Amino acid sequence: MAYIALPDPRFTYLGRRDANEEKTMLWWSGSGVRFTLKCTHLIARVTSAHRDHAAWLGVMLDGAPVARMPLLRGTRDYPLLAGMEAGVPHQVTILKDTQCGYDEDGPVILEGIETDGEVSPAPARPMLLEFIGDSLTVGEGTLGPESGQEWRMVYISHMPAFPTLVSEALGAEKRVVALGGWGAARGWDNNRDSCIGRIYDRLCAVIPGGDRPIDAERPADAVIINLGTNDATALSNLTGADREEMLREIHDQAIALIRLARKRNPEAVILWAYGLCGNQLESALRQAVSDSGDANCRYLPLTMAEGNGSRFHPSRKSHETAAREIIRALKASLPAAE
């Protein structure tokens, strides 16, 4: 068994990261590495700095989920694959499968891997998709029983969520900026600080060490925004002038986010995809897309969830339906996706 410290040029790095970092830090859902491997065994050395809500690591083989495990605090070795056919190559993806934790003292760090096999670069994926969103984008509720209602990371899995399904189907790279409970203007609890646009230009402001500008970043070919569900929850508790004020705020903040996304991704198709958990804000978001003045931005209605997973969140079947709708829209407006 040979140990390979990361970063290493044979590995493709996934998700938002600072290119100057000396370690492979996994800040957001779906961040990780991909590489080609022939082996019988694979072990990862990982550092986690959570206090309560353990982050989970995911493993995909040729685009399909094969394993996930909770991380213990500190630096540990985790067996990821065992008993594999030695001479058969696979594309292996190791990723952060859960969202940013509010009690993480630092990002998950993928220190390196240990394997008895041969490592080589994975085939390049020329197209990049960026997903901006909330708990739907990180995959909350895609695992666990429908009766599971505790807010714990065990019920959050990014591997079966629509961003992963879309990017794997199109053979694209993926970048995620998403937090459960956050919105276009306010969070589910009416908190104005829980506005994704407020931190979009930061590396990962909710984790210590990540509240710094992200400057040099590859522009995406498409940006898919799935926000509004938490804003609608907050709005449902308001009446009169307070309600009208928040509707104006949602409109203005949605336009501001579209313009932020456009600034960072000048040639991208932008889709505001909304409706998985109801379409209470459809007219407001459609108007914001129209008023943004962005000729390459469109509103995409999504089919409402078909049954629940855990935490009253959409089921895997719902994510599969949403993925098909997003793929269809991207193929219609993005030549590289055809």
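J.: Explain the environment of P65 to me, and be specific about the residues and the numbers.
T.: As for its placement among the helices and strands, P65 is situated in strand β7 (residues 64-70). Other than its neighbours up to four places away in sequence, P65 contacts V59, M60 and M159.

J.: Describe the packing of aromatic side chains, and please don't skip the residues or the numbers.
T.: Here the distance between the centres and the angle between the planes together describe a pair of aromatic rings. Counted under the stated rule, the structure contains 3 aromatic pairs. A ring pair is formed by F11 and F35, whose centres lie 4.6 Å apart and whose planes are at 45 degrees; its orientation type is tilted. Pair noted here: F11 is in the loop between β1 (2-5) and β2 (12-14) and F35 is in strand β4 (residues 32-38), with a separation of 24 residues, a long-range link. Across the pair, F35 and F11 agree in class, each one buried.

J.: Account for the pattern of salt bridges, naming residues and giving values.
T.: Within the structure shown, the criterion is met by 25 salt bridges. Two residues, R68 and D97, come together in a salt bridge whose shortest N-O distance is 2.8 Å. On the criterion of sequence distance, the pair formed by R68 in strand β7 and D97 in the loop between β9 (90-96) and β10 (108-115) is long-range, its members being 29 residues apart. Between K96 and E104 there is a salt bridge, with its nearest N and O atoms 3.2 Å apart. On the basis of relative accessibility, which here comes to 1%, the residue K96 falls in the buried class. Within the structure, one salt-bridge network assembled from shared partners comprises R16, E130, R175, D201, E217 and R264.

J.: With reference to specific residues and values, describe helix α7 (residues 316-333).
T.: When the terminal C-alpha atoms of α7 are compared, their 26 Å separation across 18 residues agrees well with the 26 Å that a helix rising 1.5 Å per residue should span. Restricting attention to buried positions, one finds in α7 the residues S318, H319, T321, A322, A323, E325, I326, I327, A329 and L330. The inward-facing, buried residues of α7 contact β12 (128-133), α1 (135-138), α2 (162-170), β14 (222-226), β15 (269-274) and β16 (297-301).

How each quantity is defined
Residues numbered from 1 in each chain as written. Predicted model: local features only at pLDDT ≥ 70, side-chain atom pairs only at ≥ 80, totals over all residues. Heavy atoms only, no water. Helix = DSSP H or I, 4+ residues; strand = E, 2+ residues; numbered from the N terminus. Contact = heavy atoms within 4.5 Å. Phe/Tyr/Trp six-rings, centres within 6.5 Å; stacked < 30°, edge-to-face > 60°. Buried < 20%, exposed > 50% of the residue type's maximum accessible area, 1.4 Å probe, protein only. Salt bridge = Lys/Arg side-chain N within 4 Å of Asp/Glu carboxyl O. Expected span 1.5 Å × (residues − 1).

Any functional reading would require information beyond the geometric quantities listed.
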